[in-house]
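# Residue-level structural notes
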Amino acid sequence: MRPEERDTTLDVGGYRLGMWSFLGQRFTGLLLTFYLFLHLFIIAQVTRAGGPVTFSALARVLERPPYLYLDLGLVAVVLFHAANGVRLILFELNMAARSQGRLFWWLVGPAGLILLLGGAVLLAGVR
Amino acid sequence: MDEISFRIFRFDPSRDAEARYQLYRIRPEPGLTVLSALVNLREEQDGSLAFRASCRSGICGSDAMLINGRARLACKTQVAEAAGDGTVTLEPLRGFPVLKDLVVDQSDFWEKLVRVKPWLIPGPEPAPERERLMRLPAQQFDELSRASDCIFCACCYAECPMEGRHRAYLGPAALVKAYRFEADPRDAGSAERRGALDHPDGVWRCHHVFRCTEACPKEIDAAWAIQQLQRRLAARHLRLKGDA
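Keep in mind it's a predicted model, so treat the numbers as computed, not measured. (Residues numbered from 1 in each chain as written. Chains lettered and ligands numbered in written order. Predicted model: local features only at pLDDT ≥ 70, side-chain atom pairs only at ≥ 80, totals over all residues. Heavy atoms only, no water.)

Before going further, it helps to examine the overall build of chain A. Scanning chain A for helices and strands turns up four helices and zero strands. Counted from the first residue to the last, chain A has its helices and strands arranged as α-α-α-α. Overall, the C-alpha framework of chain A stretches about 60 × 40 × 30 Å when taken along its three principal axes. Burial analysis of chain A (127 residues in total) assigns 28% to the buried set. Intrachain contacts of chain A at a sequence separation of at least 6 include 67% that bridge at least 24 residues. (Helix = DSSP H or I, 4+ residues; strand = E, 2+ residues; numbered from the N terminus. Buried < 20%, exposed > 50% of the residue type's maximum accessible area, 1.4 Å probe, protein only. Contact = heavy atoms within 4.5 Å.)

Structure representation (structure tokens):
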């Protein structure tokens, strides 16, 4: 390897909070963009193919496992992106100038708690 | 303490086509710093080992390098702490051209620093005949003194992923210096600095990864200083403030 070929962007040098939240925000953003297209595509296909009957039939499949777990994963992605996004907005507005690190846990922590509780209730309802 | 290994990045552009890692073994004394270990290695095992150092006490900023992948000062890092699994890996700072082994070319770093005009630019009032007194109240000095602590070690440049991706980005240290003078009530150089700061490769390249703040050996909150500059420029664009 030539010295100039060393990776300068994602070199794994033991990431700390800032880098994980930065990468997490980009990764969840990409996932949500991909999901949005998938969502619109499926809705469009179902609507064109058969209307209300097909829609209800598909909905019954999608509200059972394993799709239910995927749904929970989607909620996790949305919650992370939203909570970390609020942290960055507060930092930009100078309302979390010195506390952005702690704010990550104060926002993403409760979001994770909501996910766990909501997920437990949801899964209990399925059984 | 038991014997430990130093795995050191070696590259001599006049002889090597590729970089390699060389292993050295030492038995560290308690309290040995990575820099002292390097000095010992050069004196006792391998005189061809190149690294940059000067003050040995975290003031000159010469001996920044990647220690186990993270940009740190060799003189402020204990071998005992770094050798968690018995090996300390030393590499030159990321993102800078390697001159030899652990020594990098920092020309680009200094050139960026000069671009933000890191000096006090006085206002238009005529200079007095004998001397100009420009006192700063103690409280305001405290605000600026953190940003003044920068020792130009370039750890923040090696850690910043934006700097790694966009080499034209001014980078944390230069922007911290810009903030130090922009926030100084005696300074009137905002208009002169605006071209460099209010630019895609100026303050707006920062995406708040906070690795500069996490890496700074002088504990300067560089990400915060950059965000303060962003706020000032945003307020100007939104016409929330006068021609500040």
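It is worth spelling out the layout of surface pockets at this point. The method is simple in principle: a probe with the dimensions of a water molecule rolls over the atoms, and the space it marks as empty is what remains. All names here are of chain A. Reported here for the largest pocket is a volume of approximately 690 Å³. Lining the largest pocket are 20 residues, and of these Tyr35, Leu38, Ile42, Leu62 and Asp71 lie nearest its centre. Contributing elements (two or more residues each) for the lining of the largest pocket: α1 (17-49), α2 (52-62) and α3 (67-92). The dominant element in the lining of the largest pocket, judged by the number of residues it contributes, is α1, at nine residues. Considered class by class, the residues forming the lining of the largest pocket number 16 nonpolar, two polar and two charged. (1 Å grid on protein atoms, 1.4 Å probe; cavity = no way out; pocket = protein on both sides within 12 Å on 5 of 7 lines; lining within 4 Å. Points joined across faces, edges and corners; volume = space filled by probe spheres on them. Nonpolar A, V, L, I, M, F, W, Y, C, P; charged D, E, K, R; others polar.)

The subject of this paragraph is the domain arrangement of chain B. Residues and elements named next belong to chain B. Annotation of chain B at the domain level lists domain 1 (4-104) and domain 2 (107-243). The straight-line distance from the C-alpha centre of domain 1 to that of domain 2 is 30 Å. Listed per partner, the contact involves 16 residues of domain 1 and 15 residues of domain 2. Between domain 1 and domain 2 the total buried area reaches about 1200 Å² when both faces are included, carbon and sulfur atoms providing 51% of it. Joining domain 1 to domain 2, the criterion identifies two salt bridges. (Domains from an automatic or database assignment. Buried area = accessible area lost by both parts, 1.4 Å probe. Salt bridge = Lys/Arg side-chain N within 4 Å of Asp/Glu carboxyl O.)

Let us look at the interface of chain A and chain B. In this assembly, 26 residues from chain A lie in contact with 34 residues from chain B. Taking both sides of the interface into account, the surface hidden between chain A and chain B amounts to around 2600 Å²; carbon and sulfur atoms contribute 51%. Broken down residue by residue, the surface that chain A buries against chain B is led by Arg6(A), Thr8(A) and Phe91(A), which jointly contribute 23%. Our count for the contact surface shared by chain A and chain B stands at one salt bridge. Where Asp221(B) meets Arg98(A), a salt bridge forms, and the shortest distance between an N and an O atom there is 3.5 Å. Where chain A packs against chain B, one counts eleven residue pairs in polar contact (both at pLDDT 80 or more). It is α1(A) that provides the largest number of residues to the side of chain A that touches chain B, a total of five residues. For the side of chain A that touches chain B, the per-class residue count stands at ten nonpolar, seven polar and nine charged. (Polar contact = N/O pair within 3.5 Å; in protein donor to acceptor, adjacent residues only side chain to side chain.)

This part is about the pattern of salt bridges. Residue and element names in this part refer to chain B. Under the criterion given, the structure shown has 20 salt bridges over all chains. Between Arg180 and Asp184 there is a salt bridge, with the nearest N and O atoms lying 3.0 Å from each other. Overall, Arg180 belongs to the buried group, its relative accessible area being 10%. In this structure Asp184 comes out as buried when scored by relative accessible area, which is 2%. Note that Glu182 is salt-bridged to Arg193, the shortest N-O span being 2.8 Å. Taken as a pair, Glu182 in helix α7 (residues 172-182) and Arg193 in helix α8 (residues 190-197) lie far apart in primary sequence, eleven residues in all. The network of salt bridges with shared partners includes Arg10, Asp46, Lys100 and Asp101.

A surface patch of nonpolar side chains, about 400 Å² in accessible area, is lined by Phe34(A), Leu38(A), Phe41(A) and Ile42(A). In this structure, Phe41(A) sits in helix α1. (Patch = residues over 30% accessible without salt bridge, like charges linked within 9 Å, V, L, I, M, F, W, Y side chains within 5 Å. Areas by Shrake-Rupley, 256 points an atom, 1.4 Å probe, with all protein chains shown as cover.)

This part covers the sheet that holds strand β3 (residues 64-67) of chain B. All names here are of chain B. Read across the sheet, five strands follow the order β2-β1-β5-β3-β4 without closing on themselves; strand pairing throughout is mixed. Among the strands making up the open sheet, the edge pair consists of β2 (20-26) and β4 (70-73). Each strand of the sheet is rotated relative to its neighbour by a mean of 35°, with strand direction disregarded. Across four bridges, strand β1 (residues 4-10) lies against strand β5 (residues 87-91) in parallel orientation. Bridge pairing in β5 places Phe6 opposite Val88. The sheet strands contacting helix α1 (residues 34-44) are β1, β2, β3 and β5, and the helix crosses β1 at an angle near 80°. (Pairing = 2+ DSSP bridges. Axes fitted to C-alpha atoms, helices over the stretch in contact; angles between N-to-C directions.)

A separate point is the state of the cysteines. All names here are of chain B. In the structure shown here, the tally under the stated rule is zero disulfides over all chains. Free of any disulfide, Cys150 has its nearest cysteine sulfur in Cys156, 6.4 Å distant. Under the relative-accessibility criterion, Cys150 is labelled buried at 15%. For the unlinked cysteine Cys160, the closest cysteine sulfur is that of Cys212, found at 6.5 Å. (Disulfide = S-S within 2.5 Å.)

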